[in-house]
Amino acid sequence: MVVFWRLIGVVRGLWRREQADRELDAELRDFLDRAAEEREAAGSTRAEAARTARAAFGGMDVVKERVREVSLETLVEGIRQDLRFAVRSLRRSPAFTAVAIFTLAVGIGANTAFFSVVNTVLLRSLPFPDADRLVALLTIGPTGGGPAVSPAKLNAWRRETALFERLAAYQFGSVNVVGPNGPAYVSSGSVSSDFFPLFGATTVLGRPFEASEDLPGAAPVVVLSHGFWQRQYGGAAAVGGQTLTINGSGHTVLGVLAPSFDAVDLTATAPEVWIPLGIEPASQSQAAYFFASGRLRAGVSPEQANARLAIVAEGFKKQFPTALRPTVTFGVQPLRGLIVRDVQRSLLVLYGAVATVLLIACVNIGNLNLVRMTGRQAEMAMRAALGASRPRIVRQLLTEGIVLSFAGGAAGLVLGTIVLPRASRLVAGQLPRLSAELTPQVDWRVVLVTTVTCVAASVVLGLLPALHAIRGSLNPSSGDNRSGTDVRRTLRARTCLVVAELALAVVLLVGAVLLVRTFAALRTIDPGFDRTNLLSLRTSLSEPGMTTAARIAAIVDSGVGRMREQTGVTTAAASLCCVPLENQGYLPFIIPGRPLEGPYHDVGTWWSVTPDYFEALGIPLLKGRAFTDADRLDTEGVVVINQTMARRFWPDSDPLGQPLLLGKNYLPGTVSPRRIVGIVGDVRDTTLSRAAASTTYIPMRQLDDEQVALVVKAAPVVWIARTAGEPRRLERALTRALEIGTGHPVARVRTMEEIVSASTARSDLNTVLMSGFGLAALLLAAIGIYGVTAYAVEQRAREFGIRRALGATPLQLRQLVLRHCITVTGVGLLLGIVGALAVSRVLSSLLFDVAPRDPWVLVSASAILAGVAMAAAWLPAGRALRHEINAVLRHE
Amino acid sequence: MADDTSSWLVQGTLDMLILKTLALEPMHGYGIATRIDQMSQGVFKVNAGSLFPAFRRLERDHLIRSDWRVTENNRNAKYYALTAQGRATLREETRAWEVQTAAIARILKTTS
């Protein structure tokens, strides 16, 4: 600590300008006084003497100014000298310099690359006008807020014009279009007319749609994306007024959006066509199938908005007694926060990890520099003797650190820009606000943070030898005949550094092991279905005319039938909406005859499927029966539930035969109780890491016209084929069969294996990165402990020689060296474990099936590190044996 | 500043004169100025605007060093003194100066 304060003093001394100014004042006054006195002594009057002295002196300010010029010149000259000297001195030890710059380039490059991802995803403001006032509207329950919005809620919020300047509803999906270049299945945005002004989307041609065109029953219109216009119409100016067939009906083209409008912050796949969402302003529908965002009025804080919306929620509950549970309310969240909320934690954790790796790397280089310093003791002493002041020497060493770290930083920036596009392709799709085409942006924040990182690194690099220089005797005689104290001091300093490195490495390793455990746990999970040999394909039936259940049933039957005919397909099925782990539908249910608090008993995932769905996916039927072709709209309504729901709601009785009311107030059409006919195994359908919730399945055929119309408008039909062999091999045959059988294009063909691994991709990415950082830390710590052991052995050569001569066995000598190393490692591990216990909780949301403070994880991370540390120390320890007494004495 | 003869003094020359003055004994700023004036018998009148920057430059180059001392009548004054490096430089510069002036003198004699 003493050293630290002394260093602070030295650094402060470098800039003691005020003091210098005061001194100059005093000195000049003294000069004038003496001149005046002499003139007085020569016979002038006092006043006369003062006057002439001042006149001879010239302007006081001119003198001061000239002196300051010299000071500035001195500073600049000094910095130039320092830089020149630093470069010269670094060139004299090229190996050290190369290693240091390379390590720093990798460390700073990784930090820069990672920070630019953090910047792009978390920090960059949304590219929309007044983005800081953009909020998402949420339905907030005890476990958090959900962004899904129903027409009834939207209409309730739209009345709050005192809160919001504008409020827009939007939903992203895919549509079938038939343009000038033929049919295509493209991504789409269904948005309310407020969307364009809210998000600052302007047109280069024509106009966006207006409120009057955004109503159910209005003539269909469409606004094109710039890219779609270029591709499909070759950028023709006469596109306005043309008709584009979307989902089977003609839409009049109103305009083309500016190319600068980028919806990547709202959806990963940029919409090609924009069509009205068409929410009836008086709609009381509770089907939540879109999102809503608004711009708060200037001066309205999110807290004020929340307070007001809580009142709105109460009114809403009165108007729709069955829509919301008592504990649920409405609220807002800054839009950016909502977009990044899932990734914020993991990005910050990983950024912390990569910064720690850089810190370890800097400590390591500082350690190497310390060794170099010991070799330079003579040089430093000589410079001190020649009049170089201590601050000057410290400054020089810091300059060396700066030169090193900025050289490393420059190399790192180059490395980063090479790696960044590749890295971003790796993470694209796992992170919001980053698409495959969009590389993270390097803006002033990235440059600033890189600079700060470089400066911080150079302080760590330069500080260590600087501390050493201050404490060192700087005595010429100590140059070539170094005292034992010097050696011990260097050794102690280096040992402390290695302990720090080890401790940091333990923390990172614990994080890595925790994530690897999560990775492994996710892989051993049984998702509840057989993921092998399954192919899923999608068809959108969202088009006019698809309003009768019979029509949809005919298409689905035809599609399933065609699939079944293909050789290699063992079972074929379809689901309206989704497959597990991709998307889910939710519906609340009521168990008739049971006491009820709130509007319903629970909300569960909900599937409408064809009879062979369970067999195709390999979901086991535990009790009762699956659906058959005999379950139709005119037969008794039936439902199959999962095991979790059966256990939870019928713990002591048999649910089979019991009634269940599904989707009351949520589904249009006739909703009457269904009879539970079967129980199937649990399926992890939202994410692998979450146990199945209550789940209900109904036969697709038992949806009435209104229900079918609603479902196919919001979701596609997903076809599922279980195959005898590799499912991808049937991709083309099945696509063709379905397109012929249904008359609709097929898209998004994925195997179930792909869907399962995509569902863990983000977690896997965390694991890969964290393991990489952990390994880097391990390697650096190993290098550190190797270095300090080698140094200790070298310094104790004479002692070892004598011990050997006195009869110590090789094993004893080795133990002697290793004992020191064990102490060092032990202390490092201990500190590291304490650190890990303190910080590992930040990982908890990223973990699955392992506690952040799992003792086995701590033990295994420590064991890995201890093993590597011992191995790294073993090599130099062996060198202790080679010192022969004669050689040592000769050296003396 | 009519009597600022130092303005035509080559910068290195003023530095050398300061070093020469300090070679005798440590001295404060005013003392140095008077001493140069006396030694040159009034030819060089050094003004403060040149003198103080020169002190800073010499200090920067480690040719002189300074410290505050209490003077005869209990006043504080900043004293300058020669460093070992300054002494060596003065020796070298003096030798170089002598060689140069001798050469210039010879040239002037020959041409006139």
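Scroll up for the structure.
Let me sum up the structure you'll find in this document. (Residues numbered from 1 in each chain as written. Chains lettered and ligands numbered in written order. Predicted model: local features only at pLDDT ≥ 70, side-chain atom pairs only at ≥ 80, totals over all residues. Heavy atoms only, no water.)

**Quick notes on the packing of aromatic side chains**
Residues and elements named next belong to chain A.
1) Next: According to the stated counting rule, one finds 34 aromatic pairs over all chains in the structure shown.
2) Next: Note on F128 and F261: the rings are 6.3 Å apart at their centroids and 40 degrees apart in plane angle, and the pair reads as tilted. In this pair, F128 is assigned in the loop between α5 (94-123) and β1 (134-141) and F261 in the loop between β8 (249-257) and β9 (273-276), connecting sequence segments 133 residues apart.
3) Next: Seen from their ring centres, F195 and F199 are 4.7 Å apart, and the 55 degrees between their planes marks the pair as tilted.
4) Next: According to the relative accessible area criterion, F195 is buried, its value standing at 0%.
5) Next: A relative accessible area of 1% places F199 in the buried class.
6) Next: An aromatic cluster is defined as three or more aromatic residues linked by ring pairs; in this entry it consists of F128, Y170, F172, F195, F196, F199, F209, F261, W274 and F291.
7) Next: A cation over an aromatic ring shows up here: R523 above the ring of F519, its NZ or CZ 3.9 Å from the ring centre.
8) Next: The lysine or arginine in question, R814, covers the ring of W874, its NZ or CZ lying 3.8 Å from the ring centre. (Phe/Tyr/Trp six-rings, centres within 6.5 Å; stacked < 30°, edge-to-face > 60°. Helix = DSSP H or I, 4+ residues; strand = E, 2+ residues; numbered from the N terminus. Buried < 20%, exposed > 50% of the residue type's maximum accessible area, 1.4 Å probe, protein only. Lys NZ or Arg CZ within 6 Å of the ring centre and 35° of its normal.)

**Observations concerning the interface of chain A and chain B**
1) Next: Taken residue by residue, the interface counts 23 residues in chain A and 26 residues in chain B.
2) Next: Taken over both partners, the interface formed by chain A and chain B buries close to 2,200 Å², and the fraction arising from carbon and sulfur atoms is 55%.
3) Next: Looking only at chain A, the three residues that lose the most surface to chain B are E27, F31 and R34 of chain A, adding up to 30% of its buried area.
4) Next: Linking chain A to chain B there are five salt bridges.
5) Next: Among the ionic pairs, R75 of chain B bridges to D30 of chain A, the shortest N-O distance being 3.6 Å.
6) Next: The tally of links between chain A and chain B comes to eight residue pairs in polar contact (both at pLDDT 80 or more).
7) Next: With twelve residues, helix α2 (residues 17-41) of chain A is the single largest residue contributor to the side of chain A that touches chain B.
8) Next: Residues belonging to the side of chain A that touches chain B are distributed by class as follows: ten nonpolar, two polar and eleven charged. (Contact = heavy atoms within 4.5 Å. Buried area = accessible area lost by both parts, 1.4 Å probe. Salt bridge = Lys/Arg side-chain N within 4 Å of Asp/Glu carboxyl O. Polar contact = N/O pair within 3.5 Å; in protein donor to acceptor, adjacent residues only side chain to side chain. Nonpolar A, V, L, I, M, F, W, Y, C, P; charged D, E, K, R; others polar.)

**Quick look at the packing of helix α4 (residues 60-92) of chain A against helix α3 (residues 48-60) of chain B**
1) Next: Two numbers describe how α4 of chain A lies on α3 of chain B: the axes approach to 8 Å, and their chain directions differ by 20 degrees. Accordingly, the angle class assigned to the pair α4 of chain A and α3 of chain B is roughly parallel. Of the two elements, α4 of chain A crosses α3 of chain B, and the hand of that crossing is right-handed. Contact residues: α4 of chain A offers V63, R66, V67, V70, E73, T74 and E77 of chain A, while α3 of chain B offers A48, G49, S50, F52, P53, R56, R57 and R60 of chain B. (Axes fitted to C-alpha atoms, helices over the stretch in contact; angles between N-to-C directions. Parallel < 35°, antiparallel > 145°, perpendicular 65-115°, else oblique. Left-handed = near helix turned anticlockwise from the far one by under 90°.)

**Quick look at the sheet that holds strand β3 (residues 76-82) of chain B**
Residues and elements named next belong to chain B.
1) Next: The strand order across the open sheet formed by three strands is β1-β3-β2, and the pairing between neighbours is antiparallel. Each of the sheet's edge strands pairs with one partner strand only, and the pair in question is β1 (27-28) and β2 (64-70).
2) Next: Of the strand pairs in this sheet, β1 and β3 are connected by two bridges, and their pairing is antiparallel. Each residue of the ladder has a partner; that of H28, found in β3, is Y79.
3) Next: With respect to the sheet, α3 is in contact with β2 and β3, its orientation differing from that of β2 by roughly 115 degrees. (Pairing = 2+ DSSP bridges.)

**Here we look at the state of the cysteines**
All names here are of chain A.
1) Next: Considering all chains together, one arrives at zero disulfides over all chains under this definition.
2) Next: Summary of cysteine pairing: C362 is not part of a disulfide, and the nearest cysteine sulfur, belonging to C454, is at 9.3 Å.
3) Next: For C362, a relative accessible area of 3% translates into the label buried. (Disulfide = S-S within 2.5 Å.)

**Overview of the side chain of S536 of chain A**
Residue and element names in this part refer to chain A.
1) Next: Mapped onto the elements of the fold, S536 is located in strand β12 (residues 534-539).
2) Next: Looking at S536, the relative accessible area reads 3%, which means it is buried.
3) Next: Leave out the neighbours within four places in its chain, and S536 touches V579, V718, W719, R748, V749, R750 and I755.

**Some words on the side chain of D265 of chain A**
1) Next: You can see D265 of chain A is positioned in the loop between β8 and β9.
2) Next: Beyond its immediate sequence surroundings of up to four residues, D265 of chain A is in contact with R124, L126, P127, F128, I339 and R433 of chain A.

**Topic: unusual backbone geometry**
1) Next: Not every positive phi belongs to a glycine, and L581 of chain A is a case in point at roughly 75 degrees.
2) Next: The topology assignment puts L581 of chain A in the loop between β13 (569-576) and β14 (585-590).
3) Next: Look at L581 of chain A and you get buried, because its relative accessible area is 8%.
4) Next: With a phi angle near 65 degrees, H62 of chain B is a residue other than glycine that sits in the positive phi range.
5) Next: Secondary-structure assignment places H62 of chain B in the loop between α3 and β2.

**Considerations on a nonpolar patch on the surface**
Residues and elements named next belong to chain A.
1) Next: On the surface, F102, V106, V414, L415, I418 and V419 cluster together to form a nonpolar patch covering roughly 540 Å² of accessible area.
2) Next: Contributing elements (two or more residues each) for the nonpolar patch: α5 and α13 (390-427).
3) Next: At four residues, the largest contribution of residues to the nonpolar patch is made by α13.
4) Next: Residue classification places V414 among the partly exposed residues on the basis of a relative accessible area of 49%. (Patch = residues over 30% accessible without salt bridge, like charges linked within 9 Å, V, L, I, M, F, W, Y side chains within 5 Å. Areas by Shrake-Rupley, 256 points an atom, 1.4 Å probe, with all protein chains shown as cover.)

**With respect to helix α20 (residues 731-742) of chain A**
Residues and elements named next belong to chain A.
1) Next: Between its first and last C-alpha atoms α20 spans 16 Å; for twelve residues at 1.5 Å apiece the expected length is 16 Å, and the two agree.
2) Next: Of the positions making up α20, those classed as buried are L734, T735, A737, L738, G741 and T742. Take α20 and look down its axis: the buried residues cluster within an arc of 165 degrees, on one side only. Opposite its buried face, α20 presents the exposed residues R732, R736 and I740, each directed more than 90 degrees away.
3) Next: As for α20, its buried residues are in contact with β12, α16 (549-565), β13, β21 (717-723) and β22 (747-751).
4) Next: Backbone geometry just downstream of α20 places G743 in the positive-phi region, at approximately 70 degrees. (Expected span 1.5 Å × (residues − 1). Arc of directions from axis to C-beta.)

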